[in-house]
Amino acid sequence: MDKFMIWGGERLHGEVEISACKNAVLPVLAAALLAETPSVIKKAPWLKDVDTMLLILQALGVTTKRSFEGDVTIDPTTLKSWEAPYELIRKMRSSIYVLGALLGKLGKAVVSLPGGCVIGPRPIDLHIKGLTQLGAAIEKRHGYLIAEAKQLRGARIFLGGPFGSSVGATIDIMLAAVKAEGVTVIESAACEPDVADVALFLNKMGAKITGAGTPTLTIEGTKELHGTEHTVIPDRIEAGTYMIAAAATDGDIALLGAEPRHLEAVIAKLREAGVEVFEEEGKIRVRSTGTKRPTDVTTLSYPGFPTDLQAQFMALMSITSGVSRIVEKIYPDRFMHVGELGRLGADMTMDSNSALVRGVPSLSGAPVMASDLRASAALIIAGLVAEGETLIHRVYHIDRGYVDIENKLANLGAKIRRVKAN
Ligand code: EPZ
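Residues numbered from 1 in each chain as written. Predicted model: local features only at pLDDT ≥ 70, side-chain atom pairs only at ≥ 80, totals over all residues. Heavy atoms only, no water.

Scanning the protein from N- to C-terminus turns up 14 helices and 24 strands. A compact globule built from 422 residues should have a C-alpha radius of gyration of about 22 Å, and the protein, at 21 Å, falls within 12% of that. Projected onto its principal axes, the C-alpha positions of the protein cover 65 × 45 × 40 Å. Burial statistics for the protein: of 422 residues in total, 57% are counted as buried. A separation of at least 24 residues holds for 73% of the contacts in the protein among residues at least 6 apart in sequence. Surface accessibility of the protein: about 16500 Å² in total, with carbon and sulfur atoms responsible for 52%. Each charge class in the protein was averaged separately, 47 positive and 48 negative side chains, and the resulting centres sit 3 Å apart. (Helix = DSSP H or I, 4+ residues; strand = E, 2+ residues; numbered from the N terminus. Rg over C-alpha atoms; globule rule 2.2 N^0.38 Å. Buried < 20%, exposed > 50% of the residue type's maximum accessible area, 1.4 Å probe, protein only. Contact = heavy atoms within 4.5 Å. Areas by Shrake-Rupley, 256 points an atom, 1.4 Å probe, with all protein chains shown as cover. Lys, Arg positive; Asp, Glu negative; His and termini not counted. Charge placed at Lys NZ, Arg CZ, Asp CG, Glu CD.)

Next comes the structure, spelled out in structure tokens:
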């Protein structure tokens, strides 16, 4: 398994290009199988999770092609199976999107149950509840979800869960509802830009969705969808990660192609912490000139502060003088990074779903273990400011969701090298 070696102490400076959004492109790829003709997803990010989704689509018989520039063509005319195998589904939770898409397209789906993951339990009850309300009969057998619907019918679906709205359930239900007979209304729908982008893609395919990006989504079912071309939104979590890295290293960087409207909570929190953020045409500039202030953060559904940036913000607060409190409201157990940040010298106390962070003057490099995608990003940020060498094990997590991170960081002046597995 590859590792990252980081020599801390460099201030990030320069420009970095933000890639297309992982959490939007994955459902968009699954959505493409709903059409009767091929779609092209322009400049899809070169990520392991994208590779996995393409393998799942191929296992269903869909023909996929990727150009040198990264444009992905999905040809659903060769779709021949409704069964998504465990070996692929277990690699990535978002493969559950083929459940909604296959139900919409074929009225039948056999999809391996995705299971939990290191950031805590990841139930899919809301997906099942919504699809059942559309008329699907769903049962769990031998680790698989077996779903069938003679005819999906529009319904009113309330999707609020114990931790707020669900991005995945909103999208999965939307993927089935676009082909249902009649009108579906999803109340308490997730408002994340990822949901709005998938809705935009579906509308370009001929679907009739209104209200995407608000808590009430209305979907008028259509009989046939056609292929289209789409460029996915920029990745707000990738952008937020570089913004926080710039703040932590007292750097000055410009994020090209980032969308400030998707990052308002993050921009507000960085400004509260004393970091300068400039929203310019087609880019965001982040500059930190030294002293920062401790800042409390509570993660919430969009437009709140994203859980996918909680770990990175904690790394920043760990070297910010004073005490800050970080509360996790989406995944109460998403704190695997706390122990590893502690190995680098961070001082934190956990209490249920919150962490009290006491800023230390400096971190010191050490070998650490990446536990999941965003925790890995937090360890990289910590490694960039730590004195000496930080060796991060298991960086395959980061390859799932950050395009070419070591080269992007190196171009910003970081001293980072991938140590290839033998
Ligand atoms: C998406 O996961 C993202 N993944 C996650 O990013 C992100 O952390 C999460 O949304 C929240 O923003 C993708 O888009 C591929 P949810 P998803 O359903 O859709 C509970 C990353 O690092 N819930 O919005 O699976 C759930 O347990 C990943 O890129 C139910 O109770 O998340 C959580 O507490 C990690 N029942 C809350 O809702 C359900 O049926 C929000 O989860 C579904 C979810």
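All right, on to the domain arrangement of the protein then. Looking at the protein, the domain boundaries give domain 1 (3–16 + 234–419) and domain 2 (33–226). Using only C-alpha atoms to locate each centre, domain 1 and domain 2 end up separated by 31 Å. The interface of domain 1 with domain 2 comprises 18 residues on the first partner and 18 residues on the second. Looking at the side of domain 1 facing domain 2, the largest losses of area belong to Y302, Y331 and R400, adding up to 36% of the total buried there. (Domains from an automatic or database assignment. Buried area = accessible area lost by both parts, 1.4 Å probe.)

Moving on, we come to the pattern of salt bridges. Side-chain pairs of opposite charge can arise whenever the charged atoms involved come near each other. For the structure shown, the criterion picks out 23 salt bridges. Where R418 meets D2, a salt bridge forms, and the shortest distance between an N and an O atom there is 3.0 Å. Residue R418 is located in strand β24 (residues 415–419), and its partner D2 is located in the segment before β1 (3–7); the two are separated by 416 residues in the primary sequence. Side by side, R418 and D2 carry an identical accessibility label, which is buried. (Salt bridge = Lys/Arg side-chain N within 4 Å of Asp/Glu carboxyl O.)

Let us now look at helix α6 (residues 167–177). Quick reminder: α-helices carry 3.6 residues per turn. Residues three or four places apart thus point the same way. Within α6, 10 of the 11 residues are buried, leaving the element largely enclosed by the surrounding structure. For α6, the capping residue at the N-terminal end is S166, with a side-chain oxygen 2.9 Å from the backbone nitrogen of A169. (Polar contact = N/O pair within 3.5 Å; in protein donor to acceptor, adjacent residues only side chain to side chain.)

The next point concerns the site of the ligand. Taken together, 25 residues lie around the ligand, and S166, V167, D308, I330 and R374 are the ones closest in. Measuring from an oxygen atom of the ligand, one finds a side-chain N or O atom of N23 at 3.2 Å. Side-chain polar atom of D308 to an oxygen atom of the ligand: 2.6 Å apart, as the coordinates give it. Here the ligand loses 92% of its free accessible area of 830 Å² to cover by the protein chains. Those elements that place two or more of their residues in the shell around the ligand are α1 (22–31), α5 (125–133), α6 and α12 (373–385). (Near = heavy atom within 4 Å.)

Here we take up the environment of I219. As for its placement among the helices and strands, I219 is situated in strand β13 (residues 216–220). Discounting residues that sit within four places of it in the chain, I219 has contacts with M174, A177, V178, G182, V183, T184, I186, K208 and I209.

Time to look at the packing of aromatic side chains. When we look at a pair of aromatic rings, we describe it by the centre distance and by the angle of the planes. Scanning the model with the defined rule gives one aromatic pair in all. Ring centres of F305 and F313 lie 5.4 Å apart, and the angle between their planes is 70°; this geometry places the pair in the edge-to-face category. The exposure classification of F305 matches that of F313, with both residues buried. Just above the ring of W46 sits the side chain of R66; from NZ or CZ to the centre is 3.7 Å. (Phe/Tyr/Trp six-rings, centres within 6.5 Å; stacked < 30°, edge-to-face > 60°. Lys NZ or Arg CZ within 6 Å of the ring centre and 35° of its normal.)

Moving on, we get to unusual backbone geometry. Following Y302, the chain continues to P303 via a peptide bond in cis, the omega torsion being 10°. Within the element layout of this structure, P303 appears in the loop between β18 (297–298) and α10 (310–318). Positive phi, close to 55°, is recorded for D250, a residue that is not glycine. Turning to its location among the elements, D250 is positioned in the loop between α8 (236–248) and β15 (252–256). A positive phi angle is found at S352, which is not glycine, with a value near 55°. Structurally, S352 can be placed in the loop between β20 (347–351) and β21 (354–358).

Between α5 and α6, whose axes approach to 8 Å, the crossing angle comes to 25°. Relative to α6, α5 is oriented roughly parallel. The two elements α5 and α6 meet at a crossing, and its hand is right-handed. Contacts between α5 and α6 involve L126, H127, G130 and L131 from the former and G168, A169, D172, I173 and A176 from the latter. Classifying every residue of the contact of α5 with α6 by side-chain character gives five nonpolar, three polar and one charged. (Axes fitted to C-alpha atoms, helices over the stretch in contact; angles between N-to-C directions. Parallel < 35°, antiparallel > 145°, perpendicular 65-115°, else oblique. Left-handed = near helix turned anticlockwise from the far one by under 90°. Nonpolar A, V, L, I, M, F, W, Y, C, P; charged D, E, K, R; others polar.)

Right, let's talk about the environment of A346 for a bit. With respect to the secondary-structure elements, A346 resides in the loop between α11 (337–343) and β20. Remark: the alpha-carbon pair of A346 and I267, spanning 79 residues in sequence, is separated by 24 Å. Ignoring any residue separated from it by four or fewer positions in sequence, one finds A346 in contact with S318, L341 and L363.

To continue, consider the pairing of strand β19 (residues 323–327). On a regular strand, each side chain points to the face opposite its neighbour's, so the side chains alternate between the two faces of the sheet. Sheet topology places β18 next to β19; two bridges connect them, and they run parallel. For T298, the partnering residue across the bridge sits in β19 and is V327. Where the polypeptide runs from β18 across α10 and back to β19, its parallel neighbour, the crossover connection is right-handed. Two strands pair when backbone bridges link them, and β19 and β21 are joined in this way by five bridges, in the antiparallel orientation. The residue of β21 that forms the bridge with S324 is V357. (Pairing = 2+ DSSP bridges. Right-handed = clockwise from strand over helix to strand, strands pointing away.)

Moving on, we get to the side chain of K22. Among the structural elements, K22 can be located in helix α1. Accessibility expressed as a relative area gives 8% for K22, which makes it buried. Non-local contacts of K22, meaning those with residues more than four positions away in its chain, are made with L47, D49, D235, L373, R374, R400 and G401.

This part is about the sheet that holds strand β7 (residues 108–112). In any sheet, the strands associate via hydrogen bonds between backbone groups, in a parallel or an antiparallel arrangement. Judged by pairing direction, the sheet is mixed, and its four strands sit side by side in the order β6-β7-β9-β8 without closing on themselves. Both outer strands of the open sheet, β6 (83–84) and β8 (137–141), are each paired with one neighbouring strand and no more. Contacts from helix α4 (residues 97–106) reach β6, β7 and β9 (144–148) within the one sheet, and its direction differs from that of β7 by about 165°.

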